[in-house]
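Understanding the architecture of this molecule
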Amino acid sequence: MHESNTFAPGTTGINLFGVVRGAQISEAARKGNSSITGYLEVLDKHDIEDVPIFSAYATPGATVAADTFDQLWQMLVEDLGNAGSLDGLLIVPHGAGVSENHPDMDGWWLTELRRIVGPELPIIGVLDPHSNLTSAMLDATTALLPYKMNPHLDARERGIKAAELMVRTLNGEINIVQKFCAPPLIINIEKQHSESPPVSLIYDKCSEAEKIPGVLDACVLLGFQYADVPEWNSGILVTTDGSEELAEETAISLGKNLWDAREDFVPSLFTPEQAVADAKNSTGPVCLLDMGDNIGGGGSGEGTWLLHVLAKENDLKTFFCVYDPEAVQQATAAGVGARVELELGGKTIPERDGQPFHFSGEVKGTPPEQFHDPKMRHGGKTIFEPGQSVLLENERGNLSILVTSKRLSPNSPVMIPNAGLDPTSFDVIVAKGVNAPLGAFDEICPTFIKVGTRGVTSANLEHFTYLHRRQPLFPFERDFEFEYTVI
Ligand SMILES: [Zn+2]
């Protein structure tokens, strides 16, 4: 599972993947909230044996290196070969994976998987809605169910539904058909919160469509705008029992709703200065969402644009987190209680992420390298790893900076108490994300402001050069005709 940002420099190598093989997959899932947790719940209920095979996950980032992908694939094939006779395969692809050797990485491995197990074996899975869904993925699988929530707080629930569809398929009760309609438009990430208009209105229409007899599932695919691939799509995926016609009709009808709302999916972009001014007039703690450095979308974690602006605000008490392994080493060497001067963040590509921030203050602590959050968070994750890290506080005592040596998606509020701080004591909390942190900080922050910062996950599409996208595609092109189709 990987969400690959093809605009991020370099590649994602094997050292960044957590690989889990065999029984340990189920052991971990039974303690978590993931789609696999949902699968196991249903299999247990029906007294079906689970045969955990292979799992590999890396934090979203640069394109997967070719040798890394080949190595992972070889391990998967080996483990699949040792799994014995199977009745069905429950899978969890991300759907926005790109490797150097396979631009449609998920389409490639799913096609190979289908070739190995043959045309009859049901392959059903949960998909991330940030998938750029392709015909290869659809052709290779029996059914794919995207999460319906962004933040993805329904990972387990969707796992339960997918496994139930598997059981009904194995019992010969249903014969699944899936069709995808992707009108030529993009839902910008800034407009992708599933509980807010405009996109919530489309989700509501999908729920309505699910009441039509024969429709098993209808769901929005949001798409992933940081992968420059031909199948960069937003669309509607519909699953029916036996009827291609019903799947096609329903997908197109919902696709028309999507197209009609296209102008509403163009983002609102506020500068850091505007966002901070707005935060001062809002009920706190205010969560500022650093869209340009969205770690869950492949952001570097080094972004400093907001930090430079907030550091000038002496009357605001601010929490900020930045990825900088070098600064962690320097501060750790100085020791807790030491006064330090450090350059933080912005070191790799300052023109994109902001200049390094000159920090002067005290090393307050060295928080634990890993923490646990039992609540349902984005994607069902329960274990979070800042890695070796340090907590810094400026001389005025109004700016706390957590510096990590691993890129930490801010998808659990526990990151703040884990650093020994009370989240409610802050006026401003900066989260390097767009929608996922809403499912973490909503219990602390009454106000969220999405900030149009620069970075490798900027919400401003004009910051990127797309070489492979389809044309025409709204909002790049605005005046064109097209026919509704499905794959
Ligand atoms: Zn996602």
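Structure report, in brief. (Residues numbered from 1 in each chain as written. Predicted model: local features only at pLDDT ≥ 70, side-chain atom pairs only at ≥ 80, totals over all residues. Heavy atoms only, no water.)

**Quick word on the overall build of the protein**
- A tally of regular secondary structure across the protein gives 14 helices and 18 strands.
- Against the 2.2 N^0.38 benchmark of 23 Å for 487 residues, the protein shows a C-alpha radius of gyration of 23 Å, consistent with a compact globule.
- Principal-axis analysis of the C-alpha atoms gives the protein an extent of 70 × 55 × 40 Å.
- The 487 residues of the protein split such that 58% are buried.
- Sequence-distant contacts, at least 24 apart, represent 75% of the contacts inside the protein between residues at least 6 apart.
- With an accessible surface of roughly 19,400 Å², the protein has 48% of that area assigned to carbon and sulfur atoms.
- With 36 positive and 67 negative side-chain charges, the protein shows a separation of 4 Å between the mean positions of the two kinds. (Helix = DSSP H or I, 4+ residues; strand = E, 2+ residues; numbered from the N terminus. Rg over C-alpha atoms; globule rule 2.2 N^0.38 Å. Buried < 20%, exposed > 50% of the residue type's maximum accessible area, 1.4 Å probe, protein only. Contact = heavy atoms within 4.5 Å. Areas by Shrake-Rupley, 256 points an atom, 1.4 Å probe, with all protein chains shown as cover. Lys, Arg positive; Asp, Glu negative; His and termini not counted. Charge placed at Lys NZ, Arg CZ, Asp CG, Glu CD.)

**Examining the sheet that holds strand S17 (residues 428-431)**
- A sheet is described by the order of its strands in space; here eight strands give the open sequence S11-S12-S15-S16-S10-S17-S9-S18, paired in mixed fashion. Strands at the two margins of the open sheet, each flanked by one partner only, are strand S11 (339-344) and strand S18 (447-451). Going from strand to strand, the sheet's axes swing by 30 degrees on average, the running direction of each strand aside.
- Both strand S15 (residues 389-394) and strand S16 (residues 399-404) contribute to a ladder of five bridges, which runs antiparallel. Counted as the bridge partner of Leu392 is Ile401 from S16.
- Along the sheet face, helix H9 (residues 272-280) touches strand S9 (286-290), S17 and S18 and points at about 170 degrees away from the line of S18.
- Each of strand S10 (318-323), S11, strand S12 (357-365), S15 and S16 touches helix H11 (residues 325-334); the most contacted strand, S11, lies at about 175 degrees to it. (Pairing = 2+ DSSP bridges. Axes fitted to C-alpha atoms, helices over the stretch in contact; angles between N-to-C directions.)

**Topic: the pairing of S16**
- Of all six residues in S16, six are buried; the element is thus mostly enclosed.
- Pairing geometry for S10 and S16, over six bridges, is parallel. Opposite Tyr323, over in S16, you have Thr404 as the bridge partner.
- Hairpin remark: S15 followed by S16, antiparallel, with four residues in the connecting loop; positive phi at Gly397, about 80 degrees.

**Overview of the coordination of the zinc ion**
- Coordination of the zinc ion by the protein is provided by Asp128 (OD), Asp128 (OD), His130 (ND1) and His152 (NE2), with metal-donor distances spanning 2.0 to 2.7 Å.
- One can describe the site at the zinc ion as irregular: its four donor atoms subtend angles covering 53 to 147 degrees at the metal.
- Sequence positions of the residues that donate to the zinc ion give the spacing D-x1-H-x21-H. Here Asp128 is found in the loop between strand S4 (123-127) and helix H5 (135-140), whereas its partner His152 is found in the loop between strand S5 (143-146) and helix H6 (155-170), with 24 residues between them in sequence. The same class applies to Asp128 and to His152, which are both buried. (Donors = N, O, S within 2.8 Å, 3.2 Å for Na, K, Ca; no water. Tetrahedral: all angles 85-135°; square planar, octahedral: opposite > 155°, others 65-115°.)

**Looking at H11**
- Of the residues making up H11, those classed as buried are Ala327, Val328 and Ala331. For H11, the angular spread of the buried residues around the axis is 105 degrees, confining them to a single face. (Arc of directions from axis to C-beta.)

**A short note on the environment of Lys450**
- Structurally, the position occupied by Lys450 is in strand S18.
- For Lys450, the side chain forms a polar contact with the main-chain oxygen of Glu190, separated by 3.1 Å.
- Here Asn435 takes part through its side chain, which lies 3.0 Å from a polar atom of the side chain of Lys450. (Polar contact = N/O pair within 3.5 Å; in protein donor to acceptor, adjacent residues only side chain to side chain.)

**What about helix H8 (residues 244-260)?**
- Between its first and last C-alpha atoms H8 spans 24 Å; for 17 residues at 1.5 Å apiece the expected length is 24 Å, and the two agree.
- Of the residues making up H8, those classed as buried are Leu246, Ala247, Thr250, Ala251, Ile252, Leu254, Gly255, Leu258 and Trp259.
- Residues of H8 that are buried sit in contact with strand S6 (176-181), helix H7 (199-209), strand S7 (215-221) and strand S8 (235-241). (Expected span 1.5 Å × (residues − 1).)

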